[in-house]
Amino acid sequence: MSEAGALTGAQWLARALAGTGLSHVFFVESVLRRTLLEFDDLGVARILAHSEKAAAYMADGYARIAGKPGVCMAQSVGAANLAAGLQDAWLGRSPVLALTGRKEPSFQHRNSYQEIAHAPLFAPVTKFSAPVDTTAELPRLLRHAWRAALADTPRPTHLDFNGLQGDVIELGETGEPPVIDPEARRIPAHRPIADPQDIERAAAALRAARRVVIVAGEGAAASKAGPELMALAAAIGAPIATSLGARGIVPTRDPLHIGVPGSYSAPPANRIVHGADLVLFVGCDTGDQVTLNWTIPPLATKVVQIDADPVEIGRSYPNTLSVVGDPKASLARLAEAIGRPARDRGFAEEAARIVADWRASMAPLVEDGRAPVRVERLCAEVTKALPTDGILVADTGYSGIWTGTMVDFNGAGQTYLRAAGSLGWSFPAALGAQCAAPGRKVLCFTGDGGFYYHLAELETARRCAVPLVVVVNNNSGFGQNLSGVRRIAGNRPGRGEALVRFGPTDFAAVAKSFGVRGIRVEQPGELGPALGEAVAAGAPVVLDVLTDIEPRAPEPWAPERR
Ligand SMILES: Cc1ncc(C[n+]2csc(CCOP(=O)(O)OP(=O)(O)O)c2C)c(N)n1
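Structural notes, computed from the coordinates.

Calculation notes
- Residues numbered from 1 in each chain as written.
- Predicted model: local features only at pLDDT ≥ 70, side-chain atom pairs only at ≥ 80, totals over all residues.
- Heavy atoms only, no water.
- Helix = DSSP H or I, 4+ residues; strand = E, 2+ residues; numbered from the N terminus.
- Buried < 20%, exposed > 50% of the residue type's maximum accessible area, 1.4 Å probe, protein only.
- Near = heavy atom within 4 Å.
- Polar contact = N/O pair within 3.5 Å; in protein donor to acceptor, adjacent residues only side chain to side chain.
- Pairing = 2+ DSSP bridges.
- Right-handed = clockwise from strand over helix to strand, strands pointing away.
- Axes fitted to C-alpha atoms, helices over the stretch in contact; angles between N-to-C directions.
- Contact = heavy atoms within 4.5 Å.
- Salt bridge = Lys/Arg side-chain N within 4 Å of Asp/Glu carboxyl O.

A cis amide bond links alanine 371 with the next residue in sequence, proline 372, at an omega value of -5 degrees. Within the element layout of this structure, proline 372 appears in the loop between helix H15 (346-366) and helix H16 (375-385). Between glycine 503 and proline 504 the backbone carries a cis peptide bond, its omega angle lying at 0 degrees. You can see proline 504 is positioned in the loop between helix H21 (479-488) and helix H22 (507-513). With phi around 65 degrees, histidine 109 is a residue other than glycine that occupies positive phi space. As for its position among the elements, histidine 109 is in the loop between strand S5 (96-102) and helix H6 (119-122). Residue classification places histidine 109 among the exposed residues on the basis of a relative accessible area of 83%. For leucine 292, which is not glycine, the phi dihedral falls at a positive 50 degrees.

The next point concerns the site of the ligand. Taken together, 17 residues are adjacent to the ligand, and Gly449, Gly450, Gly477, Gly479 and Gln480 come closest. Between an oxygen atom of the ligand and a main-chain N or O atom of glycine 450, the distance comes to 2.8 Å. Residue assignment for the shell around the ligand shows that the elements contributing at least two residues are helix H19 (448-453) and H21. Broken down by element, the residue count for the shell around the ligand peaks at four residues, all from H19.

Let us look at the pairing of strand S3 (residues 45-48). Pairing geometry for strand S2 (residues 24-27) and S3, over four bridges, is parallel. When the sheet's bridge partners are listed, histidine 24 is paired in S3 with alanine 45. Handedness of the S2-helix H2 (residues 33-42)-S3 crossover: right-handed.

So, about the sheet that holds S2. Taken in spatial order, the six strands of this open sheet run S3-S2-S4-S5-S7-S6, and their pairing is parallel. The sheet is open, and its two edges are formed by S3 and strand S6 (128-132), each paired on a single side. Strand after strand, the sheet turns through a mean of 20 degrees between neighbouring axes, direction not considered.

Right, let's get into the environment of threonine 20. Examined against the element boundaries, threonine 20 turns out to sit in the loop between helix H1 (9-18) and S2. A residue is classified by how much of its surface remains accessible, and threonine 20, at 13% relative accessible area, is buried. The sequence separation of threonine 20 and arginine 517 amounts to 497 residues, and the corresponding C-alpha distance is 34 Å. Once residues lying within four places of it in the same chain are set aside, the contact partners of threonine 20 are Lys68, Trp146 and Ile180. Among the polar contacts made by the side chain of threonine 20, one reaches the main-chain amide nitrogen of leucine 22 at a distance of 3.2 Å.

For the coordinates displayed, the defined rule picks out 32 salt bridges. A salt bridge links aspartate 160 to arginine 102, with the nearest nitrogen and oxygen atoms 3.4 Å apart. Here the residue aspartate 160 occupies a position in strand S7 (residues 157-162), and arginine 102 occupies one in strand S5, the gap between them amounting to 58 residues. In this structure aspartate 160 comes out as buried when scored by relative accessible area, which is 6%. Between lysine 384 and glutamate 381 there is a salt bridge, with the nearest N and O atoms lying 3.8 Å from each other. Here glutamate 381 and lysine 384 lie together in helix H16, a separation of three residues that amounts to about one turn. If you follow the salt bridges from partner to partner, you end up with Arg247, Arg253, Arg359 and Asp408 in one network.

Below is the structure:
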C-alpha cells in the first residue's frame, strides 16, 4: 500500500528531472519506461536515438548549450555503448548524467545474459558513478550526481539503477519531495574570487612583462569570461589566443585576437605565443593539443594561470603563479588591480600584422570560384551564413582545424562547440544542441567520414523535427589521414590510399531517403544560396558539399628543434 504523499521511483525521477527545467532526454529503449511515460505529462520530450553512443553525444551537445546536465539512458546491455559515448563529454568537460539499468542482485555472478560489470566501464569517464539499490536512496544519489556533474570542473556522472530496465527503482516508493537543485544552478555553478594577494602578485608580474599573450581555454568559455578577457587584453596590449574549444568567446576578427594555438591551428597563433615572455593561461588545460606538445609556449616560459580548479595550476608549466578562482570574476579583479599601465603597443601591433598577413595569404583560396569547392571558401560561406546568435558544432580532425582556423565568430551571441576527439560526435551533439536552443540555429560541420558514424540519426532529426543544418565536407575519404598514410607508405603514388578512401556517396540523396531535405552543392557559387535556404528552413537540412581530398588544412607553425 502506498503511503500518503509517497511517489513511485518513476514519478519521483520524472518530476525531479522536469523540475530542473530539463526539456529533453535522450535514450535507447528499453530503459526507465515508467519514468519516460511520466515525462509525457510533464512536457519533457523523449528523444529515442538509434544507438547509445549517439544518445550520449546528444545529451552532451544539449548540456554544453543548456549549461546544465543533459540526461541519457540505456538498459543494461547498452551500458557499455553509453559509457563509450561519455568519453567526449569527459574530455570536453560537459555535465552529462547517464542512467543505466542493471540486473537485480539475484542475477549477479551467475552468467547472466547480456550483462558485464558496469562500474569499470564508467570509472574513467565519470566524476561520480554509483549503484542505486533502493528507491529510498534515489533522491540523495540523484542530487549528488547532479551537483557533481555541474561543479567545477563539469563532467559526466552516472547512476546504475537496480533492475534490467531500472524497474526495481521505478516501482519502489519515496516520501521525499521531487527536487534536485532548488537553486537551479547553471555552469559555472559558483564564482569564487581568487585570493587578493595572488591577484596582486599576478598583476605585478603582468605589469612587469613586455610581451604578454593571453591563452584562454574551455574554463574561460564556461565562465563566459569573453568581455573580461577583451578588457584585460586591451588594457595591457596583450594578444589573445583561445584553445579550440574556446574559439569564439571573443570576436575572432578583433585585432588583438590571434586565433587558436597548438596542434589544430594556423601558423600565426603559435608564432606569437612562442614569442611571449609571459603567458596568462585562463581556464586552459595546458594539454598537448593547445600547446603543441608543450612547445607553445616553451616549458620554461613564465606563466600566470587563472583556473577554478587548483589541480590544474602548474600541471604542465612549472614556472607558474597561481590565481585560483572563477575566470570571469577573477579576471575582473585582476583588471582592476592592473589599471591602465603605460604600455608599448609594439608587440600587439606585430601580432596583428602577422595575423593580417596570414589572412591575406588565404584570400585567393577563400575567393576561388572553381569546382571542386575549396574548404576555405566553404568556411567563409559558413561564417556569412551563421546567424548572429547561431551555434556551430564541429567534428574532430580536419573539421576542427578548418572551422577553428577559417570560420569567424562575432564573440557576442554565437557559440562554437567542437568534438573533444571522437570522430562522428558532431551530428548527434548538434541534434542535442538544437534541442537545448530551439530559438537558435544550429549548424553542424562534419567530414563524410564523421557523418557516416551516426547517419541513422537523420531519421531521429525528421521524426523529432529538429531543424538543424548539417554541412558535409564530402571528399570521399578520411582527408586528415591521407598525408600520414602516404608518408608511412613511402610517398609511393596510390599506396596506402585504400586505408583512407571510401565513397563516393551522395548524402543529399541519402538524406532524402530518410525524408530529410538534402541539397547537393558542386559549384562554389551555389554555396551562399544553398546555405541561406538551409538556415531559413524550419526543418532539418543536409548540405552535401563536394570537395577534393587533396588540399591540406592549415598546418601549425612549430619551433625549430634544437
Ligand atoms: C572514434 C575515432 N576514430 C578514429 C579517429 C581518427 N580520425 C581523426 S580525423 C579522421 C578522419 C576524418 O575524416 P572526415 O570526417 O571525412 O573528415 P576530413 O578529414 O576528410 O575532412 C580520423 C579517422 C578519431 N578521431 N576518432
